[in-house]
Amino acid sequence: MNNPIYRSAKSLLLVSAAICSTQLLAADEIWPNLPEGIKSGVAVQSNGKLFVGLGSAGQHMYSLDLESVNKGWQKLPDFIGPARNGATATVADGKILVFGGAGKVNASDRAPIIFNSVYSFDIKDNRWIEEKTRSPVGLLGASSYTDDSGEVIFIGGYNKQLFDTYLSDITAVDKKSDPVKWQKIVDDYMGMKPQDYRWNTQVLSYSIKGNKWSDLGTSPYTPNCGSALVIDNNTATLVSGEIKPGLRTAEVKSLKVIDGNVSWKTMSALPQPSGQSLQEGVAGAYAGKIGDALVVMGGANFHGARQQFEEGGLFAHNGLSKAYNPEVYVMKGSQWKQVNDLPKGMAYGASFTLPSGILVVGGENKKREALNDVFLVTLSESGVAITD
């Protein structure tokens, strides 16, 4: 499919929360690569095990036991729902819960849709089921995590009705035989203001035990998707992400939910990268905690989109190439510092906070190839160090 918006939507993967395992792995551990490249999928961790899959891996899921790293990634039973990209996942009540994402209900369908179905994988019983519920909003590109009370919290997400209509319209037109009509559909969709996309502004919660959805109130920020998510002591930090297709934000904010009440905090925005005129913000970045330091790495954007938007170009990334960034930022205290780069620009993979550092898993490079790379990021005197 040559639709640039759909490619962008497929490239949303939510970063996983902090690990529960207490095992202290050595920084020089040899980390096994994934059996296949995985981008735009889901990633969670629970009781000393890492789980990744879906996205470019189709219905495949894999796990890595941190107590038996030498055994490598083990294949799990295949996901039983339609393949999807940009879903969000978390662990609650001993189950991996998968929400949303975009894909085709049947392989023969002309256009993909945003799914509102919910699936769970029982980690102990090693099996998938479809839950008897539907999400009240589109959760493509949303961030989710499980709070201390066992409730699943959601922030952001594409508008299902609007995006489904766009995908239906654009796939109904042949670009080669009717390029003018095809381009008008793209221009009309890309040329909207951020608020016109009607992305989810509500903070939602879901109780798997009660099978109940709740609205916890409106976010004070412009809704965004594809943020990096870091969980620490029941505080969720959301880093950057896009506020409309092709346009990112440098915003960083945190929230905490206590007894159904949401409190927000504005944090320092990502700094201007070295050698660039401004910070575009990134989608699909890798992030986590190393000690008391918050670390953000990589991510994708369009260099020049922010300037075009501020000059009135609502189709902000028109004519621009997608950039896969290598920059690494570290926040100790309240301010960010840019340190040494990753070995290459990459985005849309998974990152896990481990006692020994941040484990980067999979993703996508500038050639749009799904990566099977796995490496550990630790802090050093000069910035960060990489161990693969």
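All of the points below concern the structure found in this document. (Residues numbered from 1 in each chain as written. Predicted model: local features only at pLDDT ≥ 70, side-chain atom pairs only at ≥ 80, totals over all residues. Heavy atoms only, no water.)

1. A look at the overall build of the protein chain
Using the following cut-off: In this text, helices come from DSSP runs of H or I with a minimum length of four residues, and strands from runs of E with a minimum of two, each type numbered from the N-terminal end. Note on classification: 1.4 Å probe, protein chains only; a residue is buried when its accessible area is under 20% of the maximum for its type, exposed when over 50%, partly exposed between these limits. Only the protein chains shown count as cover for residues, and all accessible areas are computed by the Shrake-Rupley method using a 1.4 Å probe. The charge count includes Lys and Arg as positive and Asp and Glu as negative, but it does not include His or the ends of the chains. Think of each charge as sitting on NZ of Lys, CZ of Arg, CG of Asp or CD of Glu.
Scanning the protein chain from N- to C-terminus turns up four helices and 30 strands. Relative to its 388 residues, the protein chain shows a buried fraction of 59%. Of the roughly 15800 Å² that the protein chain leaves accessible, carbon and sulfur atoms contribute 46%. Charge separation in the protein chain, taken as the distance between the mean sites of 37 positive and 38 negative side-chain charges, equals 4 Å.

2. Concerning the side chain of Ser268
Under the convention used in this document: Polar contact criterion, stated in full: a pair of N or O atoms within 3.5 Å, where within protein one must be able to donate a hydrogen and the other to accept it, and residues adjacent in sequence count only if both atoms are side-chain atoms. Contact definition: two residues touch when any of their heavy atoms are within 4.5 Å.
One can find Ser268 in the loop between strand E20 (261–267) and strand E21 (286–290). Only 2.6 Å separates the side chain of Ser268 from the backbone oxygen of Ser334, close enough to count as a polar contact. Side chain to side chain, Ser268 and Gln335 meet in a polar contact 3.4 Å long. Not counting residues within four places of it along the chain, the set of residues in contact with Ser268 comprises Val252, Met331, Ser334, Gln335 and Trp336.

3. Topic: helix H3 (residues 179–190)
Threshold: An expected span of 1.5 Å times one less than the residue number is assigned to each helix. Read the arc as the range of directions from the helix axis to the C-beta atoms.
Between the first and last C-alpha of H3 there are 16 Å, a value that for 12 residues agrees with the 16 Å anticipated at 1.5 Å per step. Looking only at H3, the buried set comprises Trp182, Ile185, Val186, Tyr189 and Met190. Looking straight down H3, one finds its buried side chains confined to an arc of 120°; they lie on one side. Residues of H3 that are exposed and point more than 90 degrees away from the buried face comprise Val180 and Lys184.

4. Side note on the pairing of strand E30 (residues 383–387)
We count it as follows: When DSSP finds two or more bridges between a pair of strands, those strands are recorded as paired.
Across five bridges, the pairing between strand E29 (residues 370–380) and E30 is antiparallel. From the neighbouring strand, Thr378 faces E30, where its bridge partner is Ala385. Counting the residues between successive antiparallel strands, the hairpin from E29 to E30 contains two residues.

5. Some points on the packing of aromatic side chains
The test is simple: Paired rings are identified among Phe, Tyr and Trp, the last through its six-membered ring, by centres lying within 6.5 Å, and are further divided according to the angle between planes into stacked (under 30 degrees), edge-to-face (over 60) and tilted (the rest).
Applying the stated criterion to the full structure yields 17 aromatic pairs. Ring plane angle 65° and centroid distance 4.9 Å describe the contact between Phe79 and Tyr119, whose orientation is recorded as edge-to-face. Placement of Phe79 in the loop between strand E4 (74–75) and strand E5 (88–92) and of Tyr119 in strand E9 (residues 117–122) is noted, with a sequence separation of 40 residues between them. Like Tyr119, Phe79 is buried.

6. Observations concerning empty space enclosed by the protein
Rolled over the atoms, a probe as big as a water molecule pinpoints where empty space is left. The following threshold applies: With a 1 Å grid laid over protein atoms only, a set of points is called a cavity when a 1.4 Å probe fits there but cannot get out and a pocket when it is open yet has protein on both sides within 12 Å along at least five of seven lines; lining residues have an atom within 4 Å of a point. Grid points are joined across faces, edges and corners, and a volume is the space filled by probe spheres set on the points. Polarity classes work like this: nonpolar for Ala, Val, Leu, Ile, Met, Phe, Trp, Tyr, Cys and Pro, charged for Asp, Glu, Lys and Arg, and polar for all others, with Gly in that last group.
In total, this model carries four cavities of 30 Å³ or more according to the counting rule given. Partitioning the lining of the largest cavity into residue classes produces six nonpolar, nine polar and one charged. If you add up the space inside the second largest cavity, you get close to 60 Å³. Here the lining of the second largest cavity is built from residues that sort into four nonpolar, five polar and two charged.

7. A closer look at the pattern of salt bridges
As a reminder, the rule being used: Salt bridge, as used here, is a side-chain nitrogen of Lys or Arg placed within 4 Å of a carboxyl oxygen of Asp or Glu.
The tally for this structure, following the rule as stated, stands at 10 salt bridges. Lys75 is the salt-bridge partner of Asp78, the closest N and O atoms lying 2.5 Å from each other. The exposure class of Lys75 is partly exposed, given its relative accessible area of 46%. The salt bridge involving Glu364 is made with Arg368; its shortest N-O contact spans 3.8 Å. In this structure Arg368 comes out as partly exposed when scored by relative accessible area, which is 33%. Three or more residues are tied together by salt bridges with common partners; here these are Lys39, Glu364 and Arg368.

8. Some points on the sheet that holds strand E10 (residues 127–134)
Counted only if it meets this: Axes here mean lines fitted to C-alpha atoms, for a helix over just the part in contact, with angles spanning 0 to 180 degrees between N-to-C directions.
With antiparallel pairing, four strands are arranged side by side in an open sheet as E5-E6-E9-E10. On the outer flanks of this sheet lie E5 and E10, each paired with one strand and no other. Direction aside, the axes of adjacent strands within the sheet are offset by 25° on average. Two strands pair when backbone bridges link them, and strand E6 (residues 95–99) and E9 are joined in this way by five bridges, in the antiparallel orientation.

9. Things to note about the nonpolar core
Among soluble globular proteins, nonpolar side chains are generally buried collectively. To keep it simple, the criterion reads: To form a nonpolar core, buried Ala, Val, Leu, Ile, Met, Phe, Trp, Tyr and Cys residues must be joined to one another through side-chain atoms within 4.5 Å.
Leu140, Tyr158, Phe163, Tyr166, Ile170, Val186 and Tyr189 are the most contacted members of the largest nonpolar core, which has 20 residues in total. Every element with two or more residues in this core is listed here: helix H2 (160–171) and H3. By size, the runner-up hydrophobic cluster in this structure holds 19 residues, among which are Val52, Trp73, Ala350 and Phe352.

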